[in-house]
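# Close look at the chain arrangement
One letter stands for each residue in the lines below.
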Amino acid sequence: FKFEGSEDLIKEFLSYQHIYSAAIKEVTTKLEILDEEFKLFHEHNPIHHIETRLKKPKSIMEKLEKNNLPETMEAIRTIKDIAGVRVVCNYIDDIYIIAKLLTSQRDIFLEEEEDYIKNPKESGYRSLHLIVTVPIFLSEGVKRVPVEVQIRTIAMDFWASLEHSLRYKVKTDNTEEISKRLNRCAESIANLDIEMQDIYRSIRESNGEVVKGE
Ligand code: 0O2
């Protein structure tokens, strides 16, 4: 990629990347600790796995262009998803448990919340999106850094990854038909999630475990 801006901007941006990486580490560690603690008390890991990504300079530049923003550090700082953490959970309930446990931590500030599970996107996409800020302690002081946390089930993740890769392959004129079919897949997957959640709850209830208002 090529910055239109000066070399100073590139240097400043690169030095910023390590701050976003630090924010990813902070949030990931918090999530791992919560997952281990939950397992200890409830004999269940709410998190199946965690993925992280640092937005590539090329995607950052594309986003600036999309939003008609200049190539400056000030503009880059307005992008909230440079640091991304994807939390893949086992059940739907786990998504909301993890979101609540994370955002109720004193040093985590919830900036934005978008519930694409209750209100799926037109494509059929489902996930809970949070923008949180986390304090990063640097030699010159503390910086609050935004992190986009996407929380979804294994089933939602399965759909999103395949849909994402298929979207780039569609070159035909039957785009609408493909979108419809993908949307139907998203519906079926959502029903599976509800059914699996229900089975899990029933099993726990019959085992005498507290389920409501844990
Ligand atoms: P990547 O590589 O995953 O980062 P914007 O961020 O400006 O594009 P908005 O409305 O601020 O849009 O964010 P939104 O739509 O809440 O969330 C954007 C991210 O959610 C996307 O990131 C995807 O990861 C995911 N997402 C949203 N809609 C869909 C969808 O229909 N299908 C799939 N597979 N994923 C989706 P990026 O930036 O596109 O890419």
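Being a predicted model, the structure only gives us computed values, none of them experimental.

Turning to the pairing of strand 4 (residues 128-138), a few remarks are in order. Pairing geometry for strand 3 (residues 109-115) and strand 4, over six bridges, is antiparallel. Along strand 4, the bridge assignment pairs E114 with H129. By the bridge criterion, 11 bridges tie strand 4 to strand 5 (residues 141-153) in an arrangement that is antiparallel. Bridge pairing links L130 to V149 in strand 5.

Now for the nonpolar core. Counting 27 residues, the largest nonpolar core has V87, I98 and V147 as the members making the most contacts within it. By residue number, the principal contributor to this core is helix 4 (residues 92-103), which donates six residues. Leave out the neighbours within four places in its chain, and V87 touches L31, I47, I50, I98, V149 and I151. Counting five residues, the second largest nonpolar core, distinct from the first, contains A155, M156, W159 and A160.

Here the focus is the site of the ligand. Taken together, the residues surrounding the ligand are D81, G84, E114, K121, S123, Y125, H129, A160, E163 and H164. Counting residues per element, the shell around the ligand draws most heavily on helix 5 (residues 154-167), at three residues. Along the lines of polarity and charge, the residues of the shell around the ligand split into two nonpolar, four polar and four charged.

This brings us to the sheet that holds strand 2 (residues 83-89). The strand order across the open sheet formed by five strands is 1-2-5-4-3, and the pairing between neighbours is mixed. The sheet terminates laterally at strand 1 (47-54) and strand 3, the two strands that pair on one side only. For this sheet, the mean angle separating the axes of adjacent strands, direction not counted, is 25°. Alignment of strand 1 against strand 2, held across seven bridges, turns out to be antiparallel. In the strand pairing of strand 2, I50 is matched with V87. Here helix 5 sits on the sheet and contacts strand 1, strand 2 and strand 5; the angle it forms with strand 5, its principal contact strand, is near 95°.

Looking now at the packing of helix 5 against helix 6 (residues 175-206). A pair of packed helices can be characterised by two numbers: the angle between their axes and the separation between those axes. Running from N to C, helix 5 and helix 6 cross one another at 165°; their axes reach a closest spacing of 9 Å. In terms of axis orientation, helix 5 runs roughly antiparallel to helix 6. Judged by the twist between their axes, the crossing of helix 5 over helix 6 is right-handed. Between helix 5, through A155, M156, F158, W159 and E163, and helix 6, the contact on the second element is made entirely by L182, C185, A186, I189, L192 and D193. Counted by class, the contact of helix 5 with helix 6 contains nine nonpolar, no polar and two charged residues.

Its location among the elements puts N183 in helix 6. Ignoring any residue separated from it by four or fewer positions in sequence, one finds N183 in contact with S123 and G124.

Attention now goes to helix 4. With 12 residues, helix 4 extends 17 Å between its outermost C-alpha atoms, agreeing within 8% with the 16 Å of an ideal straight helix rising 1.5 Å per residue. The complete set of buried residues in helix 4 reads I92, D94, I95, I97, I98, A99 and L102.

Right, let's get into the confidence of the model for the protein chain. Chain-level pLDDT for the protein chain is 91 on average; 93% of the residues reach the 70-or-more range. Two summary scores accompany this predicted model of the complex, namely pTM at 0.92 and ipTM at 0.92.

Rules of the game
- Residues numbered from 1 in each chain as written.
- Predicted model: local features only at pLDDT ≥ 70, side-chain atom pairs only at ≥ 80, totals over all residues.
- Pairing = 2+ DSSP bridges.
- Helix = DSSP H or I, 4+ residues; strand = E, 2+ residues; numbered from the N terminus.
- Core = buried A, V, L, I, M, F, W, Y, C linked by C-beta atoms within 7 Å.
- Buried ≥ 20, exposed ≤ 12 C-beta atoms within 10 Å, placed from the backbone.
- Contact = placed C-beta atoms within 7 Å.
- Near = placed C-beta within 6 Å.
- Nonpolar A, V, L, I, M, F, W, Y, C, P; charged D, E, K, R; others polar.
- Axes fitted to C-alpha atoms, helices over the stretch in contact; angles between N-to-C directions.
- Parallel < 35°, antiparallel > 145°, perpendicular 65-115°, else oblique.
- Left-handed = near helix turned anticlockwise from the far one by under 90°.
- Expected span 1.5 Å × (residues − 1).
- pLDDT = per-residue confidence, 0-100.

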